[in-house]
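Notes for the structure review
So you can see what is in the structure, the chains are spelled out below.
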Amino acid sequence: MDFYEVVGKRRDVRAEFTGAPIADEVLHRVLSAAHAAPSVGMSQPWDFVLVRDKDTRAEFHQHVHGERAEYAATLTGERAETFERIKIDGILESTLSVVVTYDPHRGSPSVLGRHAIADAGLYSVCLAIQNLWLAATAEGLGVGWVSFYREEYLQGLLGIPQTVRPVAWLCLGPVDRLQEVPDLERHGWRSRTPLDQVVHLERYNAHTG
Ligand SMILES: Cc1cc2nc3c(=O)[nH]c(=O)nc-3n(C[C@H](O)[C@H](O)[C@H](O)COP(=O)(O)O)c2cc1C
């Protein structure tokens, strides 16, 4: 696939996972793409925990659904009804999960370029995640980012030290198709805004359109 085709085809996947196996070399290519991401001060502050164990995934799934209920309880009226119809994860249906973590101490104490913006470390991890997402799309796989969890819970579940932050639980695997329209848009939750609304000329509030 051409690069822009990959960017356009990439979707957050929940319902389309088949559960079919992923060849080791394909998984290796996808993880290598993630590990090739840029990082502040070359700190490479990410780690990838591969979770295949069904019991661990079932336990996490239960936690996620508790958090889903907590969020749902904050909604009323049309928002509550619309959210009710939205699937928020494919933890059990996907082939495996990849938990991506951030270690702020990697390369410390003098991470080049992070002295003024501590979040630059976290940005680096998000770039690794995006590389993984695009590489998976190019391989014909789906990825679903799950963020309905408490960090301390996930640290406990996977033995992640308290000094290391879990950034994403990613469901990964073959799919029967990739939706053309994002799930949230199809369900009437929220749509992508036009580009000219977010591009500004010279000053923050001056728009191009
Ligand atoms: C940081 C982050 C967290 C997300 N968390 C969830 C989540 O918990 N559950 C879910 O279904 N989708 C989650 N998503 C996916 C978004 O809903 C999705 O990216 C957005 O609706 C646009 O759809 P698309 O990725 O298919 O283009 C998350 C995405 C990001 C970037």
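The structure displayed is predicted, hence computed values, not measured ones.

Conventions adopted
- Here the residue numbers are simple positions, counted from 1 along each chain's written sequence.
- For a predicted model such as this one, the threshold for reporting local features is a pLDDT of at least 70, and the threshold for listing and counting side-chain atom pairs is 80 or more; totals across whole chains, interfaces and linings nevertheless cover every residue.
- Each side-chain value is worked out from all heavy atoms of the structure, with water and hydrogens disregarded.
- Distance thresholds for patches are 9 Å for like charges and 5 Å for nonpolar side chains (Val, Leu, Ile, Met, Phe, Trp, Tyr), applied to residues having over 30% relative accessible area and no salt bridge.
- Using a 1.4 Å probe, the Shrake-Rupley method yields the accessible areas, and only the shown protein chains count as cover for residues.
- We define a salt bridge as a contact between a side-chain nitrogen of Lys or Arg and a carboxyl oxygen of Asp or Glu at a distance within 4 Å.
- Under the scheme used here, helices are H or I runs from DSSP no shorter than 4 residues and strands are E runs no shorter than 2 residues, and both carry numbers assigned from the N terminus.
- Burial classes follow relative accessibility: with a 1.4 Å probe on protein chains only, a residue under 20% of its type's maximum area counts as buried, one over 50% as exposed, and anything between as partly exposed.
- Between N-to-C directions, angles cover 0 to 180 degrees, with each direction set by a line fitted to C-alpha atoms, over the stretch in contact for helices.
- Working rule for angles: under 35 degrees goes down as roughly parallel, over 145 as roughly antiparallel, 65 to 115 as roughly perpendicular, anything else as oblique.
- Each helix crossing is assigned a hand: it is left-handed if the near helix lies turned anticlockwise from the far helix by less than a right angle, otherwise right-handed if that turn is clockwise.
- Contact criterion: two residues are considered in contact whenever any of their non-hydrogen atoms come within 4.5 Å of each other.
- Gly is placed with the polar residues, together with every amino acid not listed as nonpolar (Ala, Val, Leu, Ile, Met, Phe, Trp, Tyr, Cys and Pro) or charged (Asp, Glu, Lys and Arg).
- Residues belong to one nonpolar core when they are buried, are Ala, Val, Leu, Ile, Met, Phe, Trp, Tyr or Cys, and are joined through side-chain atoms within 4.5 Å.
- The rule is short: rings of Phe, Tyr and Trp, with Trp giving its six-membered ring, pair when the centres are within 6.5 Å, and they are stacked under 30 degrees, edge-to-face over 60, tilted in between.
- Any two strands with at least two DSSP bridges between them are considered paired.
- A residue's pLDDT is the predictor's confidence in that residue, given on a scale from 0 to 100.

**Comments concerning a nonpolar patch on the surface**
Together, Phe3, Tyr4 and Val7 make up a nonpolar patch on the protein surface, roughly 360 Å² of accessible area in all. Assignment of secondary structure puts Val7 in helix 1 (residues 3-9). Val7 gets classed as partly exposed once you look at its relative accessible area, which sits at 38%.

**Looking at the packing of helix 3 (residues 54-72) against helix 6 (residues 151-158)**
Where helix 3 meets helix 6, the axes come as close as 11 Å, and the angle between the chain directions of the two elements is 165 degrees. With respect to their mutual orientation, helix 3 and helix 6 come out roughly antiparallel. Between helix 3 and helix 6 lies a crossing whose hand is right-handed. Of helix 6, the residues touching helix 3 (which contributes Thr56, Glu59, Phe60 and His63) are Tyr153, Leu154, Leu157 and Leu158. When its residues are assigned to classes, the contact of helix 3 with helix 6 shows 5 nonpolar, 2 polar and 1 charged.

**Side note on the nonpolar core**
Core analysis: the largest hydrophobic core is formed by 25 residues, its most contacted members being Leu132, Leu170 and Leu172. Contributions of two or more residues to this core are made by helix 2 (24-35), strand 2 (96-102), helix 5 (120-138), strand 3 (141-146) and strand 4 (165-174). It is helix 5 that provides the largest number of residues to this core, a total of 7 residues. Here Leu170 is in contact with Leu96, Ser97, Val98, Val100, Ile129, Leu132, Val143, Gly144 and Trp145, once residues within four sequence places are set aside. In this structure, Ile86, Ile91, Val164 and Cys171 belong to the second largest nonpolar core, which totals 20 residues.

**Here we look at the packing of aromatic side chains**
For the structure shown, the criterion picks out 9 aromatic pairs. Relative to Trp169, the ring of Phe60 lies with its centre 3.7 Å away and its plane at 10 degrees, an arrangement referred to as stacked. Taken together, the positions of Phe60 in helix 3 and Trp169 in strand 4 put the pair 109 residues apart, joining distant regions of the chain. Its relative accessible area of 0% is what places Trp169 among the buried residues. Measuring from ring centre to ring centre gives 6.1 Å for Trp133 and Trp145, while their planes differ by 50 degrees; the resulting arrangement is tilted. Residue Trp133 is located in helix 5, and its partner Trp145 is located in strand 3; the two are separated by 12 residues in the primary sequence.

**Examining the sheet that holds strand 4**
Neighbouring strands of a sheet are bound in pairs by backbone hydrogen bonds; such pairs are parallel or else antiparallel. Taken together, the 4 strands give an open sheet; going across it, the order is 1-2-4-3, and neighbouring strands pair in antiparallel fashion. One side of each edge strand has no neighbouring strand; the edge strands of this open sheet are strand 1 (46-51) and strand 3. Looking at each pair of strands side by side, their axes are set apart by 25 degrees on average, direction ignored. Pairing of strand 3 with strand 4 involves 6 bridges; the strand directions are antiparallel. Bridge pairing links Gly144 to Cys171 in strand 4. Across the sheet, helix 2 lies against strand 1, strand 2, strand 3 and strand 4, angled at about 155 degrees from strand 1, the strand it touches most.

**Some thoughts on the pattern of salt bridges**
Note on pairing: side chains with opposite charge can pair once their charged atoms come close. The final tally for this structure, using the stated rule, is 12 salt bridges. The partner of Arg150 in a salt bridge is Glu67, and the shortest N-O contact between them spans 3.0 Å. Here Arg150, found in the loop between strand 3 and helix 6, pairs with Glu67, found in helix 3; they are 83 residues apart in sequence, far enough to count as distant. Judged by relative accessible area, which is 14%, Glu67 ranks as buried.

**A look at the confidence of the model for the protein chain**
Confidence along the protein chain averages 97 in pLDDT terms, with 100% of residues attaining 70 or more. Mean pLDDT in the protein chain bottoms out at helix 7 (residues 183-186), which sits at 97, and peaks at strand 2, which reaches 99.

**With respect to the packing of helix 2 against helix 5**
Their axes nearest at 7 Å, the elements helix 2 and helix 5 cross at an angle of 145 degrees. Handedness of the helix 2/helix 5 crossing: right-handed. Two secondary-structure elements touch here, helix 2 through Val30, Leu31, Ala33 and Ala34 and helix 5 through Ala128, Asn131, Leu132, Ala135 and Ala136. For the contact of helix 2 with helix 5, the per-class residue count stands at 8 nonpolar, 1 polar and no charged.

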